[in-house]
Amino acid sequence: MRGHTGVLSPRGVSHGGLAELADPSVAMAGQRLDRRRRRRRLLRGIRRVALWLGLPVLLIALSKPLASMAAPLLASSRFAVDVIKASGLAPGQSLWSLDTRRAVAGVESLPLVRRAELVRAFPNRATLFVEERQPFTLVSAGHFYWVDEHGIALGPETRAVSVEAPVISGLGADDVTVAGRMPSERVATGVALLRTLMRAQSPLLREISEVDVSRPEGPVLYMLDGVEVRIGNEDWEGRLGRLGGVLAQLRASGQSVTSIDLRFRDQVVLKTAKR
């Protein structure tokens, strides 16, 4: 395959299917274009995709015409190198013998890849579209790890960072496997609770520092002021609404508590702080 082999990596790309461009008219049109015009058309198309998605785009070209463009990108992006290696694509391959399923499966086996699709454009181009998994929040399992919105572990975090969502705690090393494709039940529970808070656009997100998922009776929230909130395993939306009301009443009355238990249908159990 003499031509362009690329990686197009938009963040949050749409889930719609990408058309197979193996059409004789496309091949004939490509043959009538000189190398410079083909390159300009390719770059214009990529810019249009980027503008349509409103997202950053990464292209790594491995062919001779774009070798000068590829070199600095390959040197600076380990992720892109891993994608190319996992796909098995290389300049000089024939498009007719290219195993697209195998290439896509190889790329999707990478922990940081959520979805991939390979588009062949005859006579001489193949473009690989890659949707990366995005960090959602940190989980604590001996060390801190990033997970995506589905609870898939993306890798450890050793720096001091700030996150917009509460940290999920109460996990062991077995709950976080970086190469895993499915989250553990406890990680999934913590992520589901955070997504419930975000879906409701709850102001409580700014007040919760930690979600402990270690207890069988359900998650325990730890507020920034240290108050422990037991929320149980069901009706999170309703109980979070009640929690907002309880906190408002406590502030209005000046009452100080160490724990709030919302697991009972018609009762809120408070443990007052010792004076």
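Data block above holds the structure.
What comes next is a walk through the structure.

How each quantity is defined
Residue positions are given per chain, counting from 1 as you read along its sequence in written order. Local features are withheld for residues below a pLDDT of 70 in this predicted model, meaning they are given only at 70 or higher, and side-chain atom pairs are given and counted only at 80 or more; totals for whole chains, interfaces and linings count all residues. The side-chain numbers reported here are obtained from all heavy atoms of the structure, hydrogens and water having been left aside. In DSSP terms, a helix is any run of H or I states spanning at least four residues, a strand is any run of E spanning at least two, and both are numbered starting from the N terminus. Note on exposure labels: buried denotes an accessible area under 20% of the residue type's maximum, exposed denotes more than 50%, and partly exposed covers the range between, all computed with a 1.4 Å probe on protein chains only. Residue contacts follow a heavy-atom distance rule, with two residues in contact if any of their heavy atoms lie within 4.5 Å. Methods summary: accessible areas were calculated by the Shrake-Rupley approach with a probe of 1.4 Å, and residue burial reflects only the protein chains presented. Take the residue count of a helix, subtract one, and multiply by 1.5 Å to get its expected span. To obtain an axis, a line is fitted to C-alpha atoms, over the contacting stretch when the element is a helix, and the angle between two such axes runs from 0 to 180 degrees between their N-to-C directions. With respect to orientation, any angle under 35 degrees is reported as roughly parallel, any angle over 145 as roughly antiparallel, any angle of 65 to 115 as roughly perpendicular, and every other angle as oblique. By definition, any crossing whose near helix is turned counterclockwise from its far helix by less than a right angle is left-handed, and any crossing with a clockwise turn is right-handed. Residue type decides the class: Asp, Glu, Lys and Arg count as charged, Ala, Val, Leu, Ile, Met, Phe, Trp, Tyr, Cys and Pro as nonpolar, and the leftover types, Gly among them, as polar.

This brings us to the overall build of the chain. In terms of helices and strands, the chain carries seven helices and twelve strands. The buried share among the 275 residues of the chain stands at 44%. In the chain, the proportion of contacts linking residues at least 24 apart, taken out of those at least 6 apart, comes to 54%. Counting only carbon and sulfur atoms, one obtains 52% of the accessible surface of the chain, whose full area is about 15500 Å².

So, on to helix 6 (residues 185-199). Spanning 15 residues, helix 6 covers 21 Å between terminal C-alpha atoms, matching the ideal 21 Å at 1.5 Å per step. Buried within helix 6 we find Val-187, Gly-190, Val-191, Leu-193, Leu-194, Thr-196 and Leu-197. The secondary structure elements touched by the buried residues of helix 6 are strand 4 (137-141), strand 5 (143-147), strand 7 (167-169), strand 8 (208-212), strand 9 (220-223) and helix 7 (236-253). Within two residues after helix 6, Gln-201 carries a phi angle of roughly 50°, on the positive side.

For Thr-177, the location among the structural elements is in the loop between strand 7 and helix 6. Linking Thr-177 and Leu-154, residues 23 residues apart in sequence, is a C-alpha distance of 8.9 Å.

Moving on to the packing of helix 6 against helix 7. One can describe the packing of helix 6 onto helix 7 by two numbers: an axis separation of 10 Å at closest approach and a directional angle of 60°. Comparing the axis directions of helix 6 and helix 7 gives the class oblique. Judged by the sense of rotation from one axis to the other, the crossing of helix 6 with helix 7 is right-handed. Together, Thr-189, Ala-192, Leu-193, Thr-196 and Leu-197 of helix 6 and Trp-236, Glu-237 and Leu-240 of helix 7 make up the contact between the two elements. When grouped by side-chain class, the residues that make up the contact of helix 6 with helix 7 number five nonpolar, two polar and one charged.

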